[in-house]
Structure formats: structure tokens, C-alpha cells
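# Architecture at a glance
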Amino acid sequence: MLNRATLAAVFADGIARVRSDYANQGAVSGYGDIKTSCVLLEREIKLESIDRLLGWGLVSEKAYRHIAKTERPMTYHYSNPPLMYGLHALLGHAPGADESELARQAFPDGCCCWGTNEVQHESCKVKEQSMAPLALLQQAGEWSKATSLNMQLIRARSAEMERSCAVA
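What comes next concerns the included structure.

Criteria and cut-off values
Residues numbered from 1 in each chain as written. Predicted model: local features only at pLDDT ≥ 70, side-chain atom pairs only at ≥ 80, totals over all residues. Heavy atoms only, no water. Phe/Tyr/Trp six-rings, centres within 6.5 Å; stacked < 30°, edge-to-face > 60°. Helix = DSSP H or I, 4+ residues; strand = E, 2+ residues; numbered from the N terminus. Buried < 20%, exposed > 50% of the residue type's maximum accessible area, 1.4 Å probe, protein only. Core = buried A, V, L, I, M, F, W, Y, C linked by side-chain atoms within 4.5 Å. Arc of directions from axis to C-beta. Contact = heavy atoms within 4.5 Å. Polar contact = N/O pair within 3.5 Å; in protein donor to acceptor, adjacent residues only side chain to side chain.

Attention now moves to the packing of aromatic side chains. The geometry of an aromatic ring pair comes down to the distance between the two centres and the angle between the two planes. Tallying each qualifying case throughout the model produces one aromatic pair. Residues Y64 and F107 carry aromatic rings whose centres are separated by 5.9 Å and whose planes lie at 50° to one another, so their mutual orientation is tilted. One end of the pair, Y64, is in helix α4 (residues 61-70); the other, F107, is in the loop between α6 (99-106) and α7 (118-127), and 43 residues separate them in sequence. When sorted by exposure, Y64 lands in the same class as F107, which is buried.

Spelled out as C-alpha cells, the structure:
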């Protein structure tokens, strides 16, 4: 996520500069988060982790129910509207909502939010759960420990990106 101060810094020299900076990141393809990270690093904007950000997508209803009830993330990445409504009800923020109907809409076959990744969808259907993304949290035991491990990964990834961005 980029805050307003970051956006102002990125666009301070105009849209043409931003387009040029993205185009000149040849070693990094597309316009995704990695290329944006390179553009931010070029402007000496610090990258930071946000506590309690569920920054990966889950697929199974079991995984979402577990993480929503035990860890209470502030955000859920790769969510679609039915999932958003279902989570809202699950967390008690939709009085009078039919939680089971919302869950049925969000997880028609026990799975959700696979987008175009049918392999991920099939894996969820076969296993009835996709808890692999929770391994870090389960290993760490709680958000504070998971955040510490996550920060170590982010520092290592930031150093790797700085090297990649420098090559581009």
C-alpha cells in the first residue's frame, strides 16, 4: 500500500518521469509490486511491512475462518466481493445477515478467490483446505513473532531488490 506522501514523492517530477522509470526497469517485468518497489527505492523511499496484513491469498473456507477468528487481520489480499461480505458477517459486523448464505456465495464449493488459477482451485477442492500460507503463523505461534519473521524476509527481499533494481 502506498500512502499519499509516497504517491506525492513518486509523482513529484510528473507522470512522464514515472512512466520512464517504470520503462527503464528492464530486468523487472510488468507494472507490479516488484517494479514499483524498484521505483520507490530509486527515490530512497523506505519499504516497510504492515502488521496484521494478510498479504497473500487463501483459497479454502477453513483457512479464511481460521485466520479471521484467530488472527484478525486488518486487510485480506485477493478478496472478491462475496468474500468481503462473508467476512464482514463472520466477524460480527453485519447484524441480521445470513452468515451461512454469505459463506455459500463466497465459497460455492468450499473454495474462494482462486481467480484464473484453476490448479489452485482444484487443489483446494481436493484437499478441502489450503492452509500452507498459514504455516508461517502456525510456526511462529502469534502475529508478533510472525511479524518478526516477516520483517527478516522483507529485509532480505529488499536487499535482493536493491541489487536487482541496480542491474536494471
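Note on soluble globular proteins: their nonpolar side chains tend to be buried together. Ranked by internal contacts, the top residues of the largest apolar core, which has 13 residues, are Y64, A68, Y76, L83, L87 and F107. If you list the elements that add at least two residues to this core, you get α4 and α5 (81-90). V10, V18, V39 and L40 belong to the second largest nonpolar core, which has six residues in total.

As a further point, take α5. Residues L83, G86, L87, A89 and L90 constitute the buried set of α5. Axial view of α5: buried residues confined to an arc of 160°, hence all on one face. Buried-residue contacts for α5 involve α4, β2 (75-76) and α6. The opening residue of α5 is N80, an N-cap whose side-chain oxygen sits 2.9 Å from the backbone nitrogen of L83. G92 occupies a position one or two residues after α5 and carries a positive phi of about 80°.

This paragraph deals with the environment of T70. As for its position among the elements, T70 is in helix α4. Reaching out from T70, the side chain makes a polar contact with the backbone oxygen of H66 at a distance of 2.7 Å.

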